[in-house]
Structure formats: structure tokens, C-alpha cells
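Below, each chain spelled out in residue letters.
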Amino acid sequence: MRILGVENGGEYLPAFSIPFFVPISVQPRRYTAYGKCRKEIKKMSYNTERGRGMRFSDDFLSELRSRIDIEELVSKYTEIRHRGSRTPTALCPFHTEKTPSFVIYRDTQSYYCFGCGAGGDAITFVKNIERLDYVEAVRFLCEKAGMQMPTDPVDDEYLRMRRRCYEANREAARFFCGCLKTESAAAARAYLKKRQLTEETVKRFGLGYAPDTWDALIKYLKTKGFHEGELVAFNLARQGRSGRAFDAFRNRLMFPIVDLRGNVVAFGGRVLDDSKPKYLNTSDTVVYKKGQGIYALNFAKNNTDRKLILCEGYMDVIAMHQAGFTNAVAALGTAFTQEQISLLSRYCDELTLSFDSDEAGQKATSRALKLLSASPMKLRVMQLTDGKDPDEIIKSQGREKMKELIGAAKNDTEFALSRAAAKYDISTDDGKLGFINEAVQILAEIGNAVERDIYISRVAEQTNTNREPIRLQVEKAYKNRKRRAERETFEAEARQAAGDDKGKIPNPERRANLRACKAEETILASLLKNPDYLKRFSGMLGADSFITGVNRELFRGIAERIENKRPLELSVFTEDSSNEQISMLSYLLTLGDKIAGTTQEMEDCIKTLAEEKIKKSVSDASEMSDADFLSFMEHKRKKAGV
Ligand SMILES: [Zn+2]
């Protein structure tokens, strides 16, 4: 395991794994002011989306594309159904769903999700799922394909910034670890001792101490070649009103947050006294976004049984790992996000929630279960008693007790039933009725008839009532639910087939311009199939023919590539197109089979666009003020020579 400590000059130091990037010794740009630095970063991240110089040749991209099989690649992240067919499907790794709407197109080596509109080629896929920059994604695929990276992307500003951020974080983590051994860290060490963490655990998680001074970290990182502006941008330092920077974390116990590749991406800092906030976390930087990470997943993902335990906080996770439950993780940030759920389900089939037993913890459990209900993971809930958290239970009752509790974890139905039962006084008739009504709704969610039956009996027993009436109610509610779900699926499919699924096609103007959009999409899809149409229709079709901005931009991009005789593969678009544009292109590729692709169809669509354009100018006119309208009509009259 690379993340574990290594012998370092005779001393055992936590060496945060060899960074993904080889450190570079380029002298960093001098940042005079915080504002300038931030602006530059903003510009840089903007630049990654569009308008950057071409980095790879089309030949190289085509070669890479031919060596990577998109189906093979995607299968590493989600299970594929109908493997080897022309259009295999899968549960989308970018959003939570129970029926697959993620389709892979072998012909075009692309994918498109009809559920959330994510689409692209292998590069886009890696970029989004591994959260990499464009060049990083190409490098990732190159390594997979055994190809050499053609150019040295060291000059890339944004990428350089990310690399600097990883390096600064790693150095900071080392610094905090070192500080934990100093005299000033006595309180931090006392806290760890109270928590009964062993030295080994402290090292494994790279815990450290941020000293109670204003600039100890800044001074240290300056000796390592970092500048104040960078440290502010990386959230390791803050800028005071006077303009001077100071350490972002002071007098705190530090938890480095490590991503799946072993990079330190952020920090959580816990107070050692009563000051607020209790936990301080790194906010968004070039390498970290809140609500994305799962704490300790870098360790937990190595468990082969694909079972994870979700705890509430860092300390719970660490205590669990120390007790041998190395599959414990925690969601970073206060609200559990869809992104975190997708990430978890990549490594987990059965998720056990282990939140505090207090009211706040139980509410958090219900909330998380609701969010998780659409995920394919099997859910269980641990019942911790007497306001205790996992850490306290392990300490006071030992490892065996914890094991017992994990084994006895209730499934999500049992948890929901016990939550409902707690709301009512079942000894009264009113209470019974209230509970049964709620229980019926809970049981109606269960797809498996045998399972439903077992719980019906339990509810009947619990309330000391007849089983049959409850069963009838549950079956009725179940059928209603099923019918509703079927209707929704049917309607969604019908909308999809009719191409009306506006919400999922990444064009914000589509809803208001449906007819025009369908024509625009057909034209673009047809161009992708028959590039010679560009020349053939050059007199009738130009960027101005398009009504929606998204499609107009796409037309420009496609036309430019056709004119320069470049291939029309997605990989050729990925470098300078945004995620939305790539998704839209992937959607257009899915239309390939549905359109006729004839010149007649092109002509019809161009005509439709012209009609829609006139309609639009008229409807725009109706929104004009009277004066504007008069001058508009005047203008039209003059033009017509009246
Ligand atoms: Zn999706």
C-alpha cells in the first residue's frame, strides 16, 4: 500500500503516496495579490473548457481511440448488460438509477445517457468519472493503451496549478504530521490519547497538528518554493484585510483527505477547545470540490466483499478502522450528494449506515436512505443504542460488540418501520391505526412478494391485529405504485422515442423551440453522417440559419472541422468543447440511425428552420414596445420597397 508510511531518513514519516504527477521544479509565477491569483485560476479553469490551443494531433487521437474500447472501459465502472451487442446498456455511473438508460454505441465508440444527458467518448468518460483535466484524461488512457504521450503538457497553466496544489497539500500534510510531535501539540496528543488512537493509526491516517500561530505553515511552504498567492488559492492560507496572508488552519487536529489515487486533496481540521466551528474544511480548490469525496474510501475500496459502512465523521471512521473494520467510510460535507452515492456504488453492493443514535443522527439516516433509495446498493441500518456513536461503542463495549451490531443491522424496511412505530402509541386504537397506515405505504415499496408477506405478518403481530386486512391494503397500495411507475416509465420512453425529452437533452432553449430544435438536430446529425452536405448546401445553410445557440455553436465546430478535412470523431472535439457540447454531440450520434440522411430531408429541415425563424421574429415583435414595433414595421416596409 503506497499510502502507508515509509522509512524516511531513519524516521517513520507518513509519506503520502508518490504523487500522480512527478513534481516539477518550475519557478512559480509571482502572484502579487490574492485577487489577481484568483482571477487567473478562474481564467485557467475556463480555458480548459474551450479555446485552448490544440494539444494533440488528430492522428494521435484517432490512434488512441482505436486502441481503447469504450465498452471495456465503461465496464470497469458499471456492470454492462447485453455485452458485445451493438448497443450495450448499463446503469449510468453519473446518476443514480435502477433501470439502465446509459447506452454505449460501439459504432461511434460513444455513450449517451437518456436519463441525465451525459454523453461523450472515452476521453470525456474518463475526464468526468475520474474527475481529471483533459490532458490528464488523455494521459490516463494512454497508459491503458500502452501509448506514449506525444507532447509534454508541462506548459499547461491549469494543469500546472493542479499539480502545484497537490504538491502544496502533500507538503502541508507532512508539516502537520511533524508538528504533532512538537511541544505545542500536547493538547492534540492528549486528545488522540483520550480517543485511544494508536501511533500506527495516527500514521496510517496521516493525522497532524496545525500550530497555534499565524504563519507557521506559510513560512514552511515558502521554504519549499510556494508563494502566498498560491497558498491562498489552495485554501491553505487566507488573506486578511491588511492584505497579509495567514494560515487557514490554526490550533487544530488535522485530517488529510486523500483521493483514490493517493493525492492529498483537502483537509479537515478539528478544534481542540470550545471554539467554533468544531470542524473546518478546505473549500473548493482546483483539485477539490465539496460534496464529491468519501473519506477513507482510498482504504475501504480495497475490501473485496464490496460491503461498506457509512459513518458520520472522521473520528468514527478512524476508530472503526483501528478496530479492524477497514470498510468504514464517511461522506465529506454536511449534505449527502448524488455524486457521493455514485462514487460509493462503484465500490459497494451493500451499504450499512452507522449514524449516531440521537435524534439528529436518526434524521440524517432517514434523509440518507431517501437519497439512497434509487441506488442499486442494498441498504442496512445499524442500531446504536443510548446516544452512542461507533467510536464510543468500540471503546466501552469492545470490538466484538461492534461486530454483533453490524451483523444485527436492520435493512431499510425494518428501519423505516421502527421509525414509524416510534411515532405512535401502539397501545391505543388511534396509534395502531396511524402506524398501520404508515406501515402500509412502507411495505408497498417492497418489490419482492415473499419479503412483503413476511413484513405484513410482523406488522400484524406488532399491532396485535388481523393479518388479512393489512395484506389487502398493502397489495392495493403496491399495485397502485406499480401502475404509477409503469405509466411513468412508459411516458418517459414515449417522450424519448418522440425526441421530446427536453430536460435530458443539454440544450436549454429546446423546450421553447421544439420544432426548430428537431430540425437543427437532424441537420447536424446528417452532417456528421454526410460531411459533403456542408458544401452542397452552403448556399442555404450557415451558422445564422440556426435558432438555438447550442446548435449554432455546434454547427460552427462541425463546419470548421469539415472545411479543414479533419475527422468528425468525438475525440477530435473533446479538447476544445464543453461537457454540454460533447453530450449534445453524443446525442446527435444516437440520432444517426433514426434520421434518413437524405438531401430531401436536409432541404425540409432547412425550410423548417427558415419558417421558425420568421415565426420567432414575429413573436419577438409582439414583445416589443409600441415605439419599437412601429420602427420595426417601418424598417420592414423600407426593406420591401413599399
Ligand atoms: Zn445518467
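Cut-off values and rules
Residues numbered from 1 in each chain as written. Predicted model: local features only at pLDDT ≥ 70, side-chain atom pairs only at ≥ 80, totals over all residues. Heavy atoms only, no water. Helix = DSSP H or I, 4+ residues; strand = E, 2+ residues; numbered from the N terminus. Buried < 20%, exposed > 50% of the residue type's maximum accessible area, 1.4 Å probe, protein only. Donors = N, O, S within 2.8 Å, 3.2 Å for Na, K, Ca; no water. Tetrahedral: all angles 85-135°; square planar, octahedral: opposite > 155°, others 65-115°.

Draft legend 1. Expanded view of the overall build of the chain. Secondary structure assignment for the chain yields 26 helices and 19 strands. Relative to its full complement of 642 residues, the chain shows a buried share of 51%.

Draft legend 2. Examining unusual backbone geometry more closely. That bond from Lys276 to Pro277 is cis: its omega, -5 degrees, falls within 30 degrees of zero. Position of Pro277 relative to the elements: it lies in the loop between β12 (264-271) and β13 (279-281). Although it is not a glycine, Arg131 sits at a positive phi angle of roughly 50 degrees. Structurally, the position occupied by Arg131 is in the loop between α4 (122-129) and α5 (134-145). Here Lys565, not a glycine, exhibits a phi torsion of approximately 55 degrees, which is positive. Tracing the backbone through its elements, the reader meets Lys565 in the loop between α22 (549-563) and α23 (570-574). A relative accessible area of 74% means that Lys565 is categorised as exposed.

Draft legend 3. Seen up close, α4. Counted residue by residue, α4 has seven buried out of eight residues, so it is predominantly covered. If you check which residues of α4 are buried, you get Ala122, Ile123, Thr124, Phe125, Val126, Lys127 and Ile129. Phi for Arg131, located one or two positions after α4, is positive at around 50 degrees.

Draft legend 4. Looking closely at the coordination of the zinc ion. Surrounding the zinc ion are the protein donor atoms Cys92 (SG), His95 (ND1), Cys113 (SG) and Cys116 (SG), which sit 2.1 to 2.3 Å from the metal. Here the zinc ion is ringed by four donor atoms whose angles at the metal span 101 to 122 degrees, and the overall shape comes out tetrahedral. The sequence pattern formed by the donor residues of the zinc ion is C-x2-H-x17-C-x2-C. Highlighted residues: Cys92 in the loop between β4 (89-90) and β5 (102-105) and Cys116 in the loop between β6 (110-113) and β7 (119-120), separated in sequence by 24 residues. By relative accessible area, Cys92 is classed as buried at 6%. You can call Cys116 partly exposed: its relative accessible area is 32%.

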